[in-house]
Amino acid sequence: MKKSRLLIALAGLTLIASGCGYSTGGEDSTVTVIKATPTPTATPTPIATPTPAVTATPVPETSQTASGVKIIKKDATYYANNEANIRTDCVTTDQTNIIQSTKVGDQLTGTGVSEDGQWIEVDINGQKGYVSAQYVTTEAPAGTAAPAADQAAAQ
C-alpha cells in the first residue's frame, strides 16, 4: 500500500507539473513573448489661417492751382470768421483775382485744402475759389443756424 500511495502521489505530481507549464520537452520547447504596442494618440490637424488681403492705402486726390499750389481734395463746411476775399488762385498780390468777399458767419462749401494748410478751396456757385485758411473755421458761429444735415445728425 505504501508503494501504491507513492505511485499515485508521483502520478499526481506529474499531472500537476505538466498543467503548470512545466515542460519536459527539452530544447525543442518554444516560448512566445507578446509585446504590447501602445495605441497611438491622434494629433489634430491644424486649421490653415487665411492670409489677409492687402488693402492699399488710398492716395488722396489732388490738383494744382495755376500758381503751383497743390490742393488735396477734402469736402467740408466752413464759416467765415472774418471778412475775406475769395480768389481765383492762392495769391494775394493780384487784386484782380477776387471773385467775391465774405462776411462773418458766411457758410462756404469746402472742396479741398492746400498741402501746407494755408488755403481752402471752395465752391462758389459752381466756380472754384480759394480763401485764406486764417479767415475760416469749421465751427459755426454762435447764433448761426447749422445746415440741415448737421441738425439731423444732432438729433
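Quick caveat: nothing in here was measured; it's all calculated off a predicted structure.

## Points about the environment of Thr65
Consideration 1: With respect to the helices and strands, the residue Thr65 is situated in the loop between β1 (62-64) and β2 (70-80).
Consideration 2: On the accessibility criterion, Thr65 (8% relative accessible area) is buried.
Consideration 3: In sequence terms Thr65 and Thr88 are 23 residues apart; their C-alpha atoms lie 8.9 Å from each other.
Consideration 4: Other than its neighbours up to four places away in sequence, Thr65 contacts Ile71, Asp89, Cys90 and Tyr130.
Consideration 5: Here Asp89 takes part through its side chain, which lies 3.0 Å from a polar atom of the side chain of Thr65.

## As for the pairing of β2
Consideration 1: Summarising the sheet, β1 and β2 pair through three bridges and their orientation is antiparallel. Across the sheet, the residue bridging to Gln64 is Lys70, located in β2.
Consideration 2: Between the end of β1 and the start of β2, which pair antiparallel, lie five residues, with Gly68 showing a positive phi angle near 95°.
Consideration 3: Relative to strand β8 (residues 136-137), β2 is paired through two bridges, and the arrangement is antiparallel. Bridging across to β8, Tyr79 finds its partner in Thr137.

## Some details on the confidence of the model for the protein chain
Consideration 1: With 81% of its residues at a pLDDT of 70 or more, the protein chain shows a mean pLDDT of 82.
Consideration 2: Counting interchain partners and residues more than four positions distant, the pLDDT-below-50 stretch residues 148-155 has two contacts.

## Let's talk about unusual backbone geometry
Consideration 1: At Asn125, a position not held by glycine, the phi torsion is positive, near 50°.
Consideration 2: Along the chain, the position of Asn125 falls in the loop between β6 (119-124) and β7 (127-132).

Here is what the cut-offs are and how they apply
- Residues numbered from 1 in each chain as written.
- Predicted model: local features only at pLDDT ≥ 70, side-chain atom pairs only at ≥ 80, totals over all residues.
- Heavy atoms only, no water.
- Helix = DSSP H or I, 4+ residues; strand = E, 2+ residues; numbered from the N terminus.
- Buried < 20%, exposed > 50% of the residue type's maximum accessible area, 1.4 Å probe, protein only.
- Contact = heavy atoms within 4.5 Å.
- Polar contact = N/O pair within 3.5 Å; in protein donor to acceptor, adjacent residues only side chain to side chain.
- Pairing = 2+ DSSP bridges.
- pLDDT = per-residue confidence, 0-100.

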